[in-house]
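Structure assessment
Chain by chain, the residues run as shown.
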Amino acid sequence: MTRSDLVEELANRFKQLTQRDAEQAVKTILDALSQALVRGHRVEIRGFGSFSVNRRPPRLGRNPRSGESVAIPEKRVPHFKPGKGLRESVDKSTSAQ
């Protein structure tokens, strides 16, 4: 599902929302989620999952072409952990097939 599919689904489920309103709602939610992660906060949506920021420590990598060592700096990366409800519903739907 893409962002535009999500906007379309939202507009179809809630007839009082125009396509533009649904698009603005999706953008606002995703922007708020992104900004919370940028600030280092954890975002939890009960029944769906939680988003957090993981730290990857600096390490030594290797350039595959030349074989020389390359220092890779520390990184902060987003991480998603699905909630119990999401895991169970995905498992149930894949078991039925």
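Our subject is the structure listed above.
I will try to describe carefully the structure that is included in this document. Per chain, residues are indexed from 1 in the order of the written sequence. Local features are withheld for residues below a pLDDT of 70 in this predicted model, meaning they are given only at 70 or higher, and side-chain atom pairs are given and counted only at 80 or more; totals for whole chains, interfaces and linings count all residues. The side-chain quantities take in all heavy atoms of the structure and omit both hydrogens and water.

Notes on the overall build of the protein chain
In this text, helices come from DSSP runs of H or I with a minimum length of four residues, and strands from runs of E with a minimum of two, each type numbered from the N-terminal end. The number of helices and strands found in the protein chain is 3 helices and 5 strands. Helices (α) and strands (β) of the protein chain occur, in sequence order from the N terminus, as α-α-β-β-β-β-β-α. On C-alpha atoms alone, the protein chain measures out to a radius of gyration of 19 Å, which is more than a quarter above the 13 Å that the 2.2 N^0.38 rule sets for 97 residues. With the principal axes as the frame, the protein chain shows a C-alpha extent of 60 × 35 × 30 Å. Evaluated residue by residue, the protein chain yields a buried proportion of 15% over its 97 residues. We call two residues in contact when some of their heavy atoms are within 4.5 Å. Taking contacts inside the protein chain between residues at least 6 apart in sequence as the whole, the part at least 24 apart equals 32%. When the accessible surface of the protein chain is split by element, carbon and sulfur atoms take 53% of a total near 8,200 Å². Every radius of gyration here is taken over C-alpha atoms, with the globule rule written as 2.2 Å times N^0.38, N being the number of residues. Relative accessibility under 20% of the residue-type maximum defines a buried residue, over 50% an exposed one, and the middle range a partly exposed one, all with a 1.4 Å probe and only protein chains included. To measure how exposed things are, a 1.4 Å probe is used in the Shrake-Rupley method; for residues, cover is taken only from the protein chains shown.

Side note on the environment of Ile-72
Mapped onto the elements of the fold, Ile-72 is located in strand S4 (residues 69-72). What makes Ile-72 partly exposed here is its relative accessible area of 25%. Between the C-alpha atom of Ile-72 and that of Arg-3, which follows or precedes it by 69 residues, the distance is 32 Å. The residues contacting Ile-72, other than those within four sequence positions of it, are Pro-58, Arg-59 and Gly-61.

Observations regarding the side chain of Ser-52
Among the structural elements, Ser-52 can be located in strand S2 (residues 49-56). Discounting chain neighbours no more than four positions away, the residues touching Ser-52 are Leu-37, Arg-42, Val-77, Pro-78 and His-79.

Remarks on the packing of aromatic side chains
Each Phe, Tyr or Trp ring (for Trp, its six-membered ring) is paired with any other whose centre lies within 6.5 Å, and the angle between the two planes then decides the class: stacked below 30 degrees, edge-to-face above 60, tilted in between. The full count for this structure, using the stated rule, is 2 aromatic pairs. Ring geometry for Phe-48 versus Phe-80: centroids 5.4 Å apart, planes at 50°, classification tilted. Of this pair, Phe-48 sits in the loop between strand S1 (43-45) and S2 while Phe-80 sits in strand S5 (residues 75-82); the two residues are 32 residues apart in sequence, bridging distant segments of the chain. In this structure Phe-80 comes out as partly exposed when scored by relative accessible area, which is 31%.

Describing the pattern of salt bridges
Salt bridge, as used here, is a side-chain nitrogen of Lys or Arg placed within 4 Å of a carboxyl oxygen of Asp or Glu. Applying the stated criterion across every chain, the model contains 5 salt bridges. Glu-44 is paired through a salt bridge with Arg-46; the nearest N and O atoms lie 2.9 Å apart. With its nearest N and O atoms 2.2 Å apart, the salt bridge here joins Glu-74 to Arg-55. Highlighted residues: Glu-74 in the loop between S4 and S5 and Arg-55 in strand S2, separated in sequence by 19 residues.

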